[in-house]
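So you can see what is in the structure, the chains are spelled out below.
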Amino acid sequence: MAGSVNKVTLLGRLGKDPEVRNSQAGSKIVSFSLATSDQWTDKASGERQERTEWHRVVIFNEQLASIAERFLLKGSMVYLEGALQTRKWTDNAGVERYSTEIVLARFRGELTLLGDARGNGEEARPAQRRREPAAAGATGGGLGGGDLDDDIPFAACWQ
């Protein structure tokens, strides 16, 4: 095969707050579970059916990781693009295991915040839970510039 494509596009809600850790090199790594759902009407019974799939997402992109850490909560809706990656590891019992994850790599990937845990487009994280320092005249984390009242002064799409 001359070429190939490894691209995953998901639209879903976070199953829990993101987990933040640092690599040995000091880079920020953010991971979370994302739920996507299919809904249909059962032809035999006429009842509404739903199936939920869970996806493990890992962000190695420093800028996207900072955004995820600051603004994502359990229930937040996000759109993301990344690549599938399977890794092999050994558990505590010595059994080899495999994990397949959607990875937003260091220089690739897209993360778009679509709404908070309440289902609207406002920021989900209450002021007391923010991980960013409170500063007078803050400009939305230095992303947009200017003196704005909003924490996110433009459409929340970072690449």
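Residues numbered from 1 in each chain as written. Predicted model: local features only at pLDDT ≥ 70, side-chain atom pairs only at ≥ 80, totals over all residues. Heavy atoms only, no water.

**Student:** Which residues make up the side chain of Glu101, and what are the values?
**Tutor:** Note on placement: Glu101 falls in strand β6 (residues 96-104). A polar atom in the side chain of Glu101 sits 3.0 Å from the side chain of Arg87. If we ignore the near neighbours within four places in the chain, the residues touching Glu101 are Arg56, Val58, Ala83, Leu84, Gln85 and Arg87. (Helix = DSSP H or I, 4+ residues; strand = E, 2+ residues; numbered from the N terminus. Polar contact = N/O pair within 3.5 Å; in protein donor to acceptor, adjacent residues only side chain to side chain. Contact = heavy atoms within 4.5 Å.)

**Student:** Outline the nonpolar core, listing residues and values.
**Tutor:** In terms of nonpolar packing, the biggest core is built from 20 residues, with Phe32, Ile59, Leu80 and Leu111 touching the most fellow members. Of all the secondary structure elements, the ones that give two or more residues to this core are β1 (8-14), β3 (28-41), β4 (48-59), α1 (62-71), β5 (77-90), β6 and β7 (110-115). A total of five residues in this core trace back to one element, the largest contributor, which is α1. Leaving out residues up to four positions away in the same chain, Phe32 has contacts with Leu14, Pro18, His55, Arg56, Val57, Ile59, Leu72 and Leu80. (Core = buried A, V, L, I, M, F, W, Y, C linked by side-chain atoms within 4.5 Å. Buried < 20%, exposed > 50% of the residue type's maximum accessible area, 1.4 Å probe, protein only.)

**Student:** I'd love a proper account of the confidence of the model for the chain, names of residues and values included.
**Tutor:** Low pLDDT marks stretches whose predicted atomic positions should not be read closely. For the chain, mean pLDDT is 79; residues scoring 70 or higher make up 72% of the total. Confidence drops under a pLDDT of 50 for residues 152-156, and excluding neighbours within four residues, the segment shows 10 contacts in the predicted structure. (pLDDT = per-residue confidence, 0-100.)

**Student:** Tell me about the pairing of β7, residues and numbers included.
**Tutor:** Where burial is concerned, most of β7 is hidden: five out of the six residues are buried. Here β5 runs beside β7; their pairing, made up of five bridges, is antiparallel. From the neighbouring strand, Glu81 faces β7, where its bridge partner is Glu110. (Pairing = 2+ DSSP bridges.)

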